[in-house]
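Structure assessment
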Amino acid sequence: IAQENTYTQTQRTENQTGLTGKMNQEEQVQVLGLWGSPFSKRVEMVLQLKGIPYEYIEEDVYGNKSPMLLKYNPIHKKVPVLVHNGRSIAESLVIVEYIEDTWKTGPTILPQDPYERAMARFWAKYVDEKVMVAMGKAFWGPESEREKERKEAYEGLISLEKEIGDKRFFGGETIGIVDIAADFIGYWLGIVQEVSGVTIMTAEEFPNLKRWSEDFVGNNIIKEVLPPKQKLAALFKTPFRSAATSG
Amino acid sequence: MASGEVKLIGAWASPFVMRPRVALNLKSVPYEFLQETFGSKSELLLKSNPVHKKIPVLLHADKPVCESNIIVEYIDETWSSSGPSLLPSLPYDRAMARFWAAYIDEKWFVALRNFLKAEGEEEKKAVIAEFEEGNALLEKAFIDCSKGKPFFNGDHIGYLDISLGSFLAWLRVTELAASYKLLDEAKTPSLCKWADHFCNDPAVKPVMPETAKLAEFAKKIFAKPQA
């Protein structure tokens, strides 16, 4: 059995309004995750914003996948996975909607109005399918493709810059599903750009997104969930070094 | 508010366009179908979906909704008091519907598309293996989700039925082109029964492309250009 680092989140967060105290075995919420993954953190952000206690289990996804991971996400074998009432759910945005559907106390992550919900889902999907895919390939993909992917990512950011406009968050006054989906852009991107020396998003060209990222990262709950900057920078340094030597 | 004119920008051959059409039929919502000409994009489409410039686009009181599965959810939430619910009521079942819909678009459909592109015996074998693996997963998912009822969504067609069922016409065309049974009663008996139920549903029949007509269309659009 692979070693597991577990810690239990039971302390109250500022906005917690739901039930606290002992949860029986059936109600227990577990998150299988990766400390540095923006996808994994999306789930933790929503749980913490809603004040839902959970047990976090760190997964060695790139090394030895635990029997627990293989049991709970046999199809994709990836994190994050949420385990609740003994059943598992995979895919970060599917999990986020599940959390929204299940726990009715605490702040909402999606708007009430069907049209606004459709818009939120559209932009969350856009972040995942257009921007995140391109970002991944722009920094970590095959060398020959990186320029093309950088352009894709840049175009994606332009749409997002326009979409956020002068709204505080994509969700309006409060953090919503699009903000959560865009967590990589709000926090990870700055660190990756610094470490790699490759810049896609500048403050000058993207003043709205820059302002949004500061508000996002500055949120009292979000900032506690985000992985430490130094640790992430150290993690990112390695692939860039090896990419440079392989030419 | 469920009031306001409903229009759908799309094309008869597109499986993605078929999804909101089935949903609107299930909810008995009348709509104007605005067909795009293959090979060009109308002003209205470009204006309504400037980000992706793709069909389908639902226009409800002139407000555009894009992305087929998102449109289906919008239809379900807007006309919630009309007809059966398109998504299950329990959060876990809803999550399963969303998970499998994502799988279908991101993995299963990609494998189906690769069939038509596959060249040579080796490549064809690999594509078939990948596709059949996916089918086995969907067979199990059907059994889990349907709980003995005819559809993924239970007694009535829902979000996940629509997401997979919309590809059936293209699946049949691919079977003809590849001379290979992609949905086999011996391997996936439940899915085959489900496919029959789906295709015969009154909400589906009028908008499911005819196999022969679609095969002709496929020949046209996949025709290799003359040298």
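Looking at an unreviewed UniProt entry, one finds chain B named glutathione transferase, with Capsella rubella as its source organism. You can read under Catalytic activity (unreviewed entry) in the UniProt record for chain B the words "RX + glutathione = an S-substituted glutathione + a halide anion + H(+)". The UniProt entry for chain B carries the following text under Sequence similarities (unreviewed entry): "Belongs to the GST superfamily. Tau family."

As recorded in an unreviewed UniProt entry, chain A goes by the name glutathione transferase, listed as coming from Capsella rubella. Heading Subcellular location (unreviewed entry) of the UniProt record for chain A holds this comment: "Cytoplasm, Cytosol". Here chain A is described in UniProt, under the heading Sequence similarities (unreviewed entry), as follows: "Belongs to the GST superfamily. Tau family."

1. Brief notes about the pattern of salt bridges
Residues and elements named next belong to chain A. Evaluated as defined, the whole model comprises 34 salt bridges over all chains. The salt bridge partner of Lys 41 is Glu 44, with a shortest N-O separation of 3.3 Å. Taken together, the residues Lys 41 and Glu 44, both in helix H1 (residues 38-49) and three residues apart, mark about one turn of the helix. Here Lys 41 and Glu 44 have matching classes, each one buried. Across the pair Arg 121 and Glu 97 runs a salt bridge whose closest N-O atoms are separated by 2.8 Å.

2. Considering the UniProt feature "domain: GST N-terminal" (unreviewed entry) in chain B
With numbering matched to this structure, UniProt assigns "domain: GST N-terminal" (unreviewed entry) to residues 4-83 of chain B. In residues 4-83 of chain B, helix accounts for 36% and strand for 21%; the two terminal C-alpha atoms are 18 Å from one another.

3. Considering the confidence of the model for chain B
Considering every residue of chain B, the mean pLDDT works out to 94; 98% of them sit at 70 or more. The complex prediction reports pTM at 0.91, with the ipTM value standing at 0.95.

4. Some remarks on the confidence of the model for chain A
Residue and element names in this part refer to chain A. On average, chain A scores 87 in pLDDT, and the residues at 70 or more come to 86%. Below a pLDDT of 50 lies the segment residues 1-23, which in the model reaches 30 contacts outside its immediate sequence neighbourhood of four places, other chains included. Segment residues 241-247: pLDDT under 50, and three contacts once partners within four positions in sequence are set aside and those in other chains are kept.

5. Some remarks on the domain arrangement of chain A
How big an interface is tends to be stated in terms of the accessible area lost upon association of its parts. Residues and elements named next belong to chain A. Taken as a whole, chain A is organised into domain 1 (29-102) and domain 2 (114-237). At the junction of the two partners, domain 1 supplies 15 residues and domain 2 supplies 21 residues. Between domain 1 and domain 2, the buried area comes to about 1,700 Å², and carbon and sulfur atoms account for 73% of it. Broken down residue by residue, the surface that domain 1 buries against domain 2 is led by Trp 35, Arg 42 and Met 45, which jointly contribute 38%. Taken together, the links from domain 1 to domain 2 amount to three salt bridges. At the surface where domain 1 touches domain 2, the tally comes to five residue pairs in polar contact (both at pLDDT 80 or more).

6. Quick word on the UniProt feature "domain: GST N-terminal" (unreviewed entry) in chain A
UniProt records the feature "domain: GST N-terminal" (unreviewed entry) for residues 27-107 of chain A in the present numbering. From the first C-alpha to the last, residues 27-107 of chain A spans 20 Å; its make-up is 36% helix and 22% strand.

7. Quick notes on helix H7 (residues 168-178) of chain B
Residues spaced three or four apart along an α-helix point in a common direction, a consequence of the helix completing one turn every 3.6 residues. All names here are of chain B. Along H7, the positions that sit buried rather than exposed are Leu 168, Ala 169, Trp 170, Leu 171, Val 173, Thr 174 and Glu 175. Each element contacted by the buried residues of H7 is listed here: helix H1 (15-26), helix H4 (91-117), helix H5 (120-146), helix H6 (159-165), helix H8 (189-200) and helix H9 (211-222). Where H7 terminates, the next one or two residues include Ser 179, which has phi positive at roughly 50°.

8. Let's talk about the packing of helix H5 (residues 146-164) of chain A against helix H8 (residues 207-218) of chain A
Residues and elements named next belong to chain A. For the pair H5 and H8, interaxial distance at closest approach is 8 Å and the crossing angle is 70°. Between H5 and H8, the interaxial angle falls into the category roughly perpendicular. Across the interface between the two elements, Leu 157, Leu 160, Glu 161 and Ile 164 of H5 pack against Pro 207, Asn 208, Leu 209 and Trp 212 of H8. Residues that form the contact of H5 with H8 fall into these classes: six nonpolar, one polar and one charged.

The rules behind the values
Residues numbered from 1 in each chain as written. Chains lettered and ligands numbered in written order. Predicted model: local features only at pLDDT ≥ 70, side-chain atom pairs only at ≥ 80, totals over all residues. Heavy atoms only, no water. UniProt positions renumbered as here; feature names shortened; annotations may be inferred. Salt bridge = Lys/Arg side-chain N within 4 Å of Asp/Glu carboxyl O. Helix = DSSP H or I, 4+ residues; strand = E, 2+ residues; numbered from the N terminus. Buried < 20%, exposed > 50% of the residue type's maximum accessible area, 1.4 Å probe, protein only. pLDDT = per-residue confidence, 0-100. Contact = heavy atoms within 4.5 Å. Domains from an automatic or database assignment. Buried area = accessible area lost by both parts, 1.4 Å probe. Polar contact = N/O pair within 3.5 Å; in protein donor to acceptor, adjacent residues only side chain to side chain. Axes fitted to C-alpha atoms, helices over the stretch in contact; angles between N-to-C directions. Parallel < 35°, antiparallel > 145°, perpendicular 65-115°, else oblique. Nonpolar A, V, L, I, M, F, W, Y, C, P; charged D, E, K, R; others polar.

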